[in-house]
Amino acid sequence: MSKIYPSAAQPARLYESVCDDILKRIDRGEWDELGKLPSIRELAQELGVHRLTVFKAYQLLKQSGKTYVKDKSGYYLNTGSLPSDLTAMPAVHSHIQQNPLSDIQRVPVVYQFSQALLDPNLLPNQYLSAYVKQAFDLYPKVLGTYAPVQGDAELREAMTEYLATQHRLSLTPGELLITSGAQQALDLLAKTLLKPRDVVLVERPTYGAAMDIFRSYGAQLASVDIHPHGYDLEQVARLMKERKPRFFYLNPTFHNPTGYTVSAEQRKRLVELAAEHRCLLVEDDAFHDIYFKQPPPPPLFAYDTEGYVAYIRSFSKYIAPGLRIAAVAARQPVVGNLLTAKSLADNGTPLLNQKIFLLLFFSDRMQRHLEKLRIALHVRMSIMEEALSGTGLSWTKPAGGLNLWIKLPDGIKAGPLLAKGIEQSLTFVPGTICDPLAEFDDRIRLSYSYANENQLRDGVRLLAGLLRSLA
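Residues numbered from 1 in each chain as written. Predicted model: local features only at pLDDT ≥ 70, side-chain atom pairs only at ≥ 80, totals over all residues. Heavy atoms only, no water.

Caption draft 1: Molecular detail of the domain arrangement of the protein. Each domain of the protein was delimited in the assignment, giving domain 1 (14–87), domain 2 (100–117 + 366–469) and domain 3 (140–362). With centres defined by C-alpha atoms, the gap from domain 1 to domain 3 works out at 33 Å. Contact between domain 1 and domain 3 buries roughly 620 Å² in total, counting both sides, with carbon and sulfur atoms accounting for 51%. Between the two partners, domain 1 and domain 3, sit zero salt bridges. Where domain 1 packs against domain 3, one counts zero residue pairs in polar contact (both at pLDDT 80 or more). Listed by contribution, the elements that provide at least two residues to the side of domain 1 that touches domain 3 are α1 (11–27) and α3 (51–63). Looking at the side of domain 1 that touches domain 3 element by element, the count peaks at four residues for α1. (Domains from an automatic or database assignment. Buried area = accessible area lost by both parts, 1.4 Å probe. Salt bridge = Lys/Arg side-chain N within 4 Å of Asp/Glu carboxyl O. Polar contact = N/O pair within 3.5 Å; in protein donor to acceptor, adjacent residues only side chain to side chain. Helix = DSSP H or I, 4+ residues; strand = E, 2+ residues; numbered from the N terminus.)

Given below as structure tokens:
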């Protein structure tokens, strides 16, 4: 390839242009099946730029998770482990992404503490079938048509009224998009908002799969520490000013993984900071109804008057995981861009799922069931806490949600503990997966929602034995 960068280009930004070119060539699958990139010297000669420019470009790729370095060997595509029959296919090879959380959750085990998901036995299974039948009775042609891309109009109308009544959210059905779960909502937001090297603020710790999504679009992550009392708002303001992030992804209600809940006062101030620094807040609210005593404060969206909050409300964790229903509330132009991306992704969430959810969630029966569900989950959390006492582990009791964020005893690391756990048919989420800096190897997330009460007691007893073996 001849020189593609004129010498008049500004040196301070030239490495970014090189980085863009490398990303395009990665997408085209130009490099070999081993994923090795050209050496800095080779690529500098090929592109007609200084070696330091290529070095800076490779460093950007490394920071975004696209590449990694082998000592004395060079830079490689960060593709993860691939099946042998795929490694000879460069086009496939260059698009493989990583999701360590999903890898752990797919391991078949008896003691499943890695799933922040409801035990199916806690769902109202006895009458779910009645709503499926009702959906076909009321909408006999439901299988014969697509849903509108933005979501079923009847569901969006009901959801708008519900959010206004329950959470003081002021919005119209046109400002609501129905997605196939919160994860799709995050992917659509990342797809429409991010370009390579954009900065995204995330909490530390945070939801691991969200970081994987943002990195897959080439984002650089900057972390905001979260504590039992919330955030250091001076840190937030400084990062917004200095790093100019595209958005701040946050989970302020029964936070995943810590269980912390941010106060109403901080929520108001966060919205003010977002408007001041023109930074969108992406609020992920997956556990809002799972409180044990007092309902949490209203979502950030309730305090927003200028369009600086996109609110993701998911119901997959505790209503009907098989339906995969979530809603995104956002102002224009964000919701319009999401609508376009949604049309390209799947042309609309399945209509039958939306109609069943409409009938199920807004029924008096389901709202009464939520009260029982909160009690049942509170009991399970108490069982896990009681079983954990005396193990040398420590944690902060959450006011809701599905997880405990556990501090391991000194000298015990999450990785070796997980390896031993899998051998004994037990899984959890290591803290490194939740950390944008890949540290927190002295922390683990234990979910008490998926295992039944006997499995909670037996599994924690097994975990305590594993801890003793590593002490």
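Caption draft 2: Seen up close, unusual backbone geometry. Cis geometry marks the peptide bond from Arg204 to Pro205, where omega comes out at 5°. For Pro205, the position within the fold is in the loop between β5 (199–204) and α9 (208–216). Between Asn256 and the following residue, Pro257, the backbone shows a cis peptide bond with an omega angle of 20°. Along the chain, the position of Pro257 falls in the loop between β8 (247–250) and α11 (264–277).

Caption draft 3: Looking closely at the packing of helix α8 (residues 182–193) against helix α12 (residues 334–345). Axis separation between α8 and α12 bottoms out at 9 Å; the angle between their running directions is 110°. For the element pair α8 / α12, the angle class is roughly perpendicular. Note on packing geometry: the crossing formed by α8 with α12 is right-handed. Between α8 and α12, the residues in contact are Gln184, Leu188, Leu189, Lys191 and Thr192 and Val334, Asn337, Leu338, Ala341, Lys342 and Ala345, respectively. Class assignment for the residues of the contact of α8 with α12 results in six nonpolar, three polar and two charged. (Axes fitted to C-alpha atoms, helices over the stretch in contact; angles between N-to-C directions. Parallel < 35°, antiparallel > 145°, perpendicular 65-115°, else oblique. Left-handed = near helix turned anticlockwise from the far one by under 90°. Contact = heavy atoms within 4.5 Å. Nonpolar A, V, L, I, M, F, W, Y, C, P; charged D, E, K, R; others polar.)

Caption draft 4: Summary view of α11. The terminal C-alpha atoms of α11 lie 20 Å apart, and with 14 residues this matches the ideal 20 Å at 1.5 Å per residue to within 8%. Along α11, the positions that sit buried rather than exposed are Ala264, Gln266, Arg267, Leu270, Val271, Leu273 and Ala274. Those residues of α11 that are buried are in contact with β7 (230–231), α10 (233–243), β8, β9 (280–285) and β10 (309–314). Backbone geometry just downstream of α11 places Arg278 in the positive-phi region, at approximately 55°. (Expected span 1.5 Å × (residues − 1). Buried < 20%, exposed > 50% of the residue type's maximum accessible area, 1.4 Å probe, protein only.)

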